[in-house]
Amino acid sequence: MFSILAPGKTIPQHRGPYNGVLRLHLGLRVPTSEPHICAIRVNGETRTWANDEVLLFDDSYQHDARNLTDQYRAVLFVDFMRPLPLLAHWLNTLMIKLIAKTPFVTVTVVDSGRFR
């Protein structure tokens, strides 16, 4: 998914509904500005994006974002299954399959180089 944050906008504090995934943000178009003007705060810790750089965080923690610049910010979101022991992995897979049946989620699985 792509997240585009307009100039002067903020995303209020929120958290993901489920802690079975880790979220990656890849900076695609990040305004250069003073630190923390275009930033994300996760669990009270603030980080900034950079073009062609990755941020990885636990989406189940409280987080918010801001773009107080005069330019658009664009990042690519990618969710990864959290590494877990076998039984927890099976339960996590089941939960993700259930969540994937909702109209708000798109799931792409790569298996041996094939998409399904």
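The structure this text deals with has already been given above.
**Looking at the sheet that holds strand β6 (residues 54-57)**
If you walk across this open sheet you meet the four strands as β1-β8-β3-β6, and the pairing is antiparallel. On the outer flanks of this sheet lie β1 (2-5) and β6, each paired with one strand and no other. On average, each strand axis in the sheet is inclined to that of its neighbour by 25°, with strand direction left out of account. Two strands pair when backbone bridges link them, and strand β3 (residues 21-29) and β6 are joined in this way by four bridges, in the antiparallel orientation. Opposite Leu 24, over in β6, you have Leu 56 as the bridge partner.

**Focus on the packing of aromatic side chains**
With the rule as written, the count across this model stands at zero aromatic pairs. Over the ring of Trp 49 we find Arg 73; its NZ or CZ atom is 4.6 Å from the centre of that ring.

**Description of the nonpolar core**
What tends to happen in soluble globular proteins is that the nonpolar side chains get buried as a cluster. In terms of nonpolar packing, the biggest core is built from 11 residues, these being Leu 5, Val 30, Cys 38, Ile 40, Val 42, Trp 49, Leu 55, Phe 57, Ala 65, Val 75 and Phe 77. Listed by contribution, the elements that provide at least two residues to this core are β4 (38-42), β6 and β8 (73-81). Each residue touching Ala 65, except ones within four places of it in the same chain, is listed here: Leu 5, Thr 10, Ile 11, Ala 39, Ile 40 and Trp 49.

**Remarks on the sheet that holds strand β2 (residues 9-14)**
Taken in spatial order, the four strands of this open sheet run β2-β7-β4-β5, and their pairing is antiparallel. Only two strands of the sheet have a single partner each, and these edge strands are β2 and β5 (45-48). Taken pair by pair, the neighbouring strands of this sheet meet at an average axis angle of 15°, ignoring direction. Examined bridge by bridge, β4 and strand β7 (residues 63-67) share five bridges and lie antiparallel to one another. Pairing of Ala 39 across the sheet is with Arg 66, part of β7.

**Structural notes on unusual backbone geometry**
For residues besides glycine, phi is generally negative; the peptide bonds are generally trans as well. For Asn 43, which is not a glycine, the phi torsion comes out positive at approximately 50°. Looking at the secondary structure, you find Asn 43 in the loop between β4 and β5. Take Asn 43: its relative accessible area is 52%, and that puts it in the exposed class. For Asp 52, which is not a glycine, the phi torsion comes out positive at approximately 65°. With respect to the helices and strands, the residue Asp 52 is situated in the loop between β5 and β6. Of the residues examined, Asp 52 reaches a relative accessible area of 67% and is grouped as exposed.

Scoring rules and cut-offs
Residues numbered from 1 in each chain as written. Predicted model: local features only at pLDDT ≥ 70, side-chain atom pairs only at ≥ 80, totals over all residues. Heavy atoms only, no water. Pairing = 2+ DSSP bridges. Helix = DSSP H or I, 4+ residues; strand = E, 2+ residues; numbered from the N terminus. Axes fitted to C-alpha atoms, helices over the stretch in contact; angles between N-to-C directions. Phe/Tyr/Trp six-rings, centres within 6.5 Å; stacked < 30°, edge-to-face > 60°. Lys NZ or Arg CZ within 6 Å of the ring centre and 35° of its normal. Core = buried A, V, L, I, M, F, W, Y, C linked by side-chain atoms within 4.5 Å. Buried < 20%, exposed > 50% of the residue type's maximum accessible area, 1.4 Å probe, protein only. Contact = heavy atoms within 4.5 Å.

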